[in-house]
Amino acid sequence: MNQPDRPAGLVVMLPSAATAVLPADLMSRLAGALRLVAPRAVAGFAEVRAGLSEVEVLVTGWGCPPLTGELLDAMPRLRAVVHAAGSVKLHVGPEVFARGIAVSSAADANAEPVVDFTLAVLQLAGKRAFAHARRYAEGRAPTFAVGERSGNDGRTVGVVGASRIGRRVIARLRAAGFRVLVNDPYLDAADAQALGAEPVELDELCRRSDVLTLHAPELPETRHMIDERRLALLPDGAIVVNTARGSLIDTDALVRACASGRVDAVLDVTTPEPLPAGHPLFALPNVWITPHLAGVQGTEVRRLGEYAVTEVERLLAGAPLAGAVHADQLAVLA
Ligand SMILES: NC(=O)c1ccc[n+]([C@@H]2O[C@H](COP(=O)([O-])OP(=O)(O)OC[C@H]3O[C@@H](n4cnc5c(N)ncnc54)[C@H](O)[C@@H]3O)[C@@H](O)[C@H]2O)c1
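Draft legend 1. Summary view of the sheet that holds strand β1 (residues 8–12). Here six strands make up an open sheet; going across it, the order is β2-β1-β3-β4-β5-β13 and the pairing mixed. At either margin of the open sheet sits one strand with a lone partner, and together these are β2 (35–36) and β13 (324–325). Here four bridges tie β1 to strand β3 (residues 57–60), and the two strands are oriented parallel to one another. Following the sheet pairing, Gly9 is matched in β3 by Val57.

Draft legend 2. A look at the pattern of salt bridges. Tallied over the entire structure, the rule returns 22 salt bridges. Residue Asp236 is joined to Arg262 by a salt bridge in which the shortest nitrogen-to-oxygen separation is 2.8 Å. Here Asp236, found in the loop between α10 (228–233) and β10 (238–242), pairs with Arg262, found in the loop between α11 (251–259) and β11 (263–267); they are 26 residues apart in sequence, far enough to count as distant. Taking the relative accessible area as the measure of exposure, Asp236 reaches 63% and is therefore exposed. Linked through salt bridges whose partners overlap, the residues forming this network are Asp108, Glu112, Arg164 and Arg168.

Draft legend 3. Summary view of the site of the ligand. Taken together, 28 residues surround the ligand, and among them Ile165, Asp184, Ala216, Asp268 and Ala334 come closest. Note that an oxygen atom of the ligand is positioned 2.9 Å from one of the backbone N or O atoms of Gly295. Relative to its unbound accessible area of 870 Å², the ligand is 90% covered by the protein chains. Secondary structure elements with two or more residues in the shell around the ligand: α5 (107–126) and α7 (164–175). Tallied by class, residues from the shell around the ligand come to 15 nonpolar, nine polar and four charged.

Draft legend 4. Structural view of the side chain of Ser209. Examined against the element boundaries, Ser209 turns out to sit in the loop between α9 (202–208) and β9 (211–214). Judged by relative accessible area, Ser209 falls into the buried class, the value being 0%. A polar contact is formed between the side chain of Ser209 and the backbone nitrogen of Gly158, at a distance of 3.2 Å. A polar side-chain atom of Ser209 sits 2.6 Å from the main-chain carbonyl oxygen of Leu205. Apart from the residues within four sequence positions on either side, Ser209 is in contact with Thr156, Val157, Gly158, Leu181, Leu234, Pro235 and Ala238.

Draft legend 5. Region of interest: the packing of aromatic side chains. The final tally for this structure, using the stated rule, is one aromatic pair. For the pair Phe130 and Trp288, a centre-to-centre distance of 4.0 Å together with 15° between the ring planes defines the contact as stacked. Of this pair, Phe130 sits in helix α6 (residues 129–137) while Trp288 sits in strand β12 (residues 287–289), and the two are 158 residues apart along the sequence. Residue class for Trp288 comes out partly exposed when judged on its relative accessible area of 32%.

Draft legend 6. A look at the sheet that holds strand β8 (residues 198–199). Taken in spatial order, the seven strands line up as β8-β7-β6-β9-β10-β11-β12 in an open sheet, and their pairing is parallel. With one partner strand each, in any of the chains shown, β8 and β12 form the two edges of the open sheet. Lying over the sheet, α7 contacts β6 (156–160), β7 (179–183) and β9, oriented at roughly 170° with respect to β6.

Draft legend 7. Summary view of empty space enclosed by the protein. In total, this model carries two cavities of 30 Å³ or more according to the counting rule given. Taken as a whole, the largest cavity spans an internal volume of roughly 70 Å³. Broken down by secondary-structure element, the contributors of at least two residues to the lining of the largest cavity are α6 and β11. Per-element tally for the lining of the largest cavity: the top contributor is β11, with three residues. The residue inventory of the lining of the largest cavity, partitioned by class, reads eight nonpolar, one polar and two charged.

Draft legend 8. Broad picture of the environment of Ala238. The topology assignment puts Ala238 in strand β10. Overall, Ala238 belongs to the buried group, its relative accessible area being 1%. Distance in space between the C-alpha atoms of Ala238 and Val96 is 44 Å, their sequence separation being 142 residues. If sequence neighbours within four positions are ignored, Ala238 has contacts with Ser209, Asp210, Arg262, Val263 and Asp264.

Draft legend 9. Geometry of the packing of α5 against helix α13 (residues 302–316). For the pair α5 and α13, the least separation of the axes is 8 Å and the interaxial angle reads 150°. With respect to α13, the element α5 is oriented roughly antiparallel. You can see that α5 and α13 cross each other, and the crossing is right-handed. On the side of α5, the interface is formed by Asp108, Ala109, Asn110, Glu112 and Pro113, while α13 contributes Arg303, Leu304 and Tyr307.

Thresholds, definitions, all that
Residues numbered from 1 in each chain as written. Predicted model: local features only at pLDDT ≥ 70, side-chain atom pairs only at ≥ 80, totals over all residues. Heavy atoms only, no water. Pairing = 2+ DSSP bridges. Helix = DSSP H or I, 4+ residues; strand = E, 2+ residues; numbered from the N terminus. Salt bridge = Lys/Arg side-chain N within 4 Å of Asp/Glu carboxyl O. Buried < 20%, exposed > 50% of the residue type's maximum accessible area, 1.4 Å probe, protein only. Near = heavy atom within 4 Å. Polar contact = N/O pair within 3.5 Å; in protein donor to acceptor, adjacent residues only side chain to side chain. Areas by Shrake-Rupley, 256 points an atom, 1.4 Å probe, with all protein chains shown as cover. Nonpolar A, V, L, I, M, F, W, Y, C, P; charged D, E, K, R; others polar. Contact = heavy atoms within 4.5 Å. Phe/Tyr/Trp six-rings, centres within 6.5 Å; stacked < 30°, edge-to-face > 60°. Axes fitted to C-alpha atoms, helices over the stretch in contact; angles between N-to-C directions. 1 Å grid on protein atoms, 1.4 Å probe; cavity = no way out; pocket = protein on both sides within 12 Å on 5 of 7 lines; lining within 4 Å. Points joined across faces, edges and corners; volume = space filled by probe spheres on them. Parallel < 35°, antiparallel > 145°, perpendicular 65-115°, else oblique. Left-handed = near helix turned anticlockwise from the far one by under 90°.

What follows is the structure, given as structure tokens:
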């Protein structure tokens, strides 16, 4: 049960999300750590205006409104924002950091399923499994590839972005026997070596990669980083895997590259998103598209809540936050 000496807390996220992120067992664990000013998640702050002045810990999630200066003024005791989802950028800005409020994100918990998804689709695409499945469903004769285009042995994978997901992908690729190149302007040579990947410029990475997998954040400088020119640098038969953000690729250029048959693509994210029915990418036999589902789904969603509740417990125990986000990282984080 709630105890009056516990710091006051509030959960702000879409109630529909809260059901999956913080099911009853996690909510009761949270209520053991914090004196919740509202017994359930609220979608906005107006619903709990009177209790805001007490709040010391905010647990946020999908749909939490931006923490404006006015809201922060209404929460003078606020000392931590613990986000039970990935990116904090939509609701946390410099004003939060300027007030010395600690910020944490559950992006690590969301990363693992993306890594699993990436490895799975990358290896299936290496066997041209998606194109074969489509041919099969259309009643066309199987064309078991014996040539150079099919198979995962001896392949080089270019990883763009040594992000939290990118780093895990590199480790898994190395364990699976792939040769790995990496491009990330924030990665130094020693760090790359420790990861077991060869750091190269992006053009060289495109030239040498049988598979290009994107794990950089959506930023002004990453928009269309894979454009017509870089797609043309890829070797014939290359596979582009995008589980990051659609804006990293020039979609029209990708349509042309895939329509030519020179490049295959596996896309969990697109621009636009959702991709409208009838979009040319849907018609291409060598393009396989999923609707942004690489992150936590279904039974995996509670991982976010588990991470956040454990983070609150760490905070209250005076331990360092595992998912701490610092002001100077905002500009380069997903
Ligand atoms: N498909 C999904 O469901 C799903 C789920 C989670 C994350 N994502 C996406 O996956 C990507 C990686 O997420 P994350 O949480 O690992 O990111 P992250 O926040 O760890 O990424 C930040 C890192 O990206 C690297 N980086 C920054 N600018 C770069 C640049 N110009 N070129 C190359 N690398 C650069 C730097 O190493 C930086 O530290 C993001 O685009 C994110 O939006 C997708």
